[in-house]
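What follows is the residue order along each chain.
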Amino acid sequence: MSYFGIPVFLRRPAYGNPLQARQAGRAAVRRKTAVYPLSGNLYEGSIKGEHFLVKINGTDMDMDGKTVSEYLALTGCNPKLVAVERNEEIIPKAQYDTTVFEDGDTVEVVSFVGGG
Amino acid sequence: MNFLEKENSASAENEPRHSSAEERHIPSREEMQRALEERHGVELQKKFAAASVAVCGLGGLGSNIAVSLARAGVGRLHLIDFDRVDITNLHRQQYAANQLGMDKTRALQDNLRAIAPYIEIVTDTVKVKEDNLRELLAGDDVICEAFDHAENKAMLVNGVLEYFPEKYIVAASGMAGISPANEIRTRKITPHFYLCGDGTSDAAECSGLFSARVMLCAAHQALAVLRLLAGKTEV
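Fair warning: this is a prediction, and the values are worked out from it, not measured in the lab.

(A) Main features of the overall build of chain A. Along its length, chain A carries two helices and five strands. Counting from the amino terminus, chain A carries its helices and strands in the arrangement α-β-β-α-β-β-β. By sequence separation, contacts in chain A at least 24 residues apart represent 53% of the contacts at least 6 residues apart.

(B) Here's a closer look at the side chain of threonine 67 of chain A. All names here are of chain A. Turning to its location among the elements, threonine 67 is positioned in the loop between β2 (59–61) and α2 (68–75). By relative accessible area, which is 11% here, threonine 67 ends up buried. Those residues in contact with threonine 67, other than ones at most four positions away along the chain, are Tyr96, Asp97, Thr99, Val100 and Phe101.

(C) Structural view of the interface of chain B and chain A. Between chain B and chain A, the residue contacts involve 31 residues of the former and 20 residues of the latter. Summed over the shared surface of chain B and chain A, the number is one salt bridge. Between glutamate 108 of chain A and arginine 187 of chain B there is a salt bridge; the shortest N-O distance is 2.7 Å. Across the contact surface, chain B and chain A share nine residue pairs in polar contact (both at pLDDT 80 or more).

(D) Seen up close, the sheet that holds β2 of chain A. Read across the sheet, five strands follow the order β2-β1-β5-β3-β4 (chain A) without closing on themselves; strand pairing throughout is mixed. In the strand order of this sheet, the two ends are held by β2 and β4 (89–90) of chain A, each with one partner. In terms of strand pairing, strand β3 (residues 82–86) of chain A meets strand β5 (residues 106–111) of chain A through five bridges, oriented antiparallel. When the sheet's bridge partners are listed, glutamate 85 of chain A is paired in β5 of chain A with glutamate 108 of chain A. Seen against the sheet, helix α7 (residues 150–163) of chain B touches β3 and β4 of chain A and runs at an angle of roughly 35° to β3 of chain A.

(E) Geometry of helix α2 (residues 29–40) of chain B. With twelve residues, α2 of chain B should reach 16 Å at 1.5 Å per residue; the first-to-last C-alpha distance of 16 Å fits that figure. Just downstream of α2 of chain B, glycine 41 of chain B is the residue with a positive phi angle, here 90°.

What counts as what
Residues numbered from 1 in each chain as written. Chains lettered and ligands numbered in written order. Predicted model: local features only at pLDDT ≥ 70, side-chain atom pairs only at ≥ 80, totals over all residues. Heavy atoms only, no water. Helix = DSSP H or I, 4+ residues; strand = E, 2+ residues; numbered from the N terminus. Contact = heavy atoms within 4.5 Å. Buried < 20%, exposed > 50% of the residue type's maximum accessible area, 1.4 Å probe, protein only. Salt bridge = Lys/Arg side-chain N within 4 Å of Asp/Glu carboxyl O. Polar contact = N/O pair within 3.5 Å; in protein donor to acceptor, adjacent residues only side chain to side chain. Pairing = 2+ DSSP bridges. Axes fitted to C-alpha atoms, helices over the stretch in contact; angles between N-to-C directions. Expected span 1.5 Å × (residues − 1).

Here it is in structure tokens:
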């Protein structure tokens, strides 16, 4: 089934630019429903080559598909000094290797500093 | 030994308003309760009195948090620290010069008793670790992270949020140095995780810890606790 072969009311929007894609991602998080994954051929061609974004500490980053451990290694964060929450839930340390960031995730990595 | 005696001996040289500590009037439980109700309102005071708050780490943050919460009439304070009072603590922590060498749990308990004689104070003179925090904190509603080292802070925050999803943790990161007060703020990271501080001022990199700035951060934490007990979850 090609994209143009399905009725208009069944089509989901093909996000033409990253901003629209991000907004759709956020809306998905709010609704607790998944607009993605973009499997099958429904969107084939319309989104090819697009990067989907994860908002980490307020900045959109191209980390879709990366694990928490990969992100921490890439940014030089010591896993022993952080707490990581995704969409308002803490990610247990034991799951850093297996938890994959997905498009539309809002993530906060708290890096603790000393003093008290 | 405690604040009352110290104050008394100092004033004895001048015009003593009271002849001795024994003759000093310590208000009754009912009087203390009435005074708190007058200030906070009966309903709110009931919530404070019914709460159990753990303070993990009794240094510059923890000792100041505990004093604030004791004054507010929080019903049960759980004080946890393995350390003893050292001369380098006196510039920012709520201990007296005649308490050097005492366990911080014991010294702070004495000082809180002088402020709030009728609240319940439970102490644990242990180091909080990943393998004992579940047992240690099971009876507390809100946990204050008031450690010194970043690794311990992260350990406690992760542990509490993982093991006790129903509890609240109020943590601190970034209060060293002498940067402006207004950089210290309270953030809500998740519905059960509040974080106070400027987020960046590391004690190892900034030139020391200053009482006023550490107290600011402790006050943020104590207020976050009181707001949570009052059912106010926004920051």
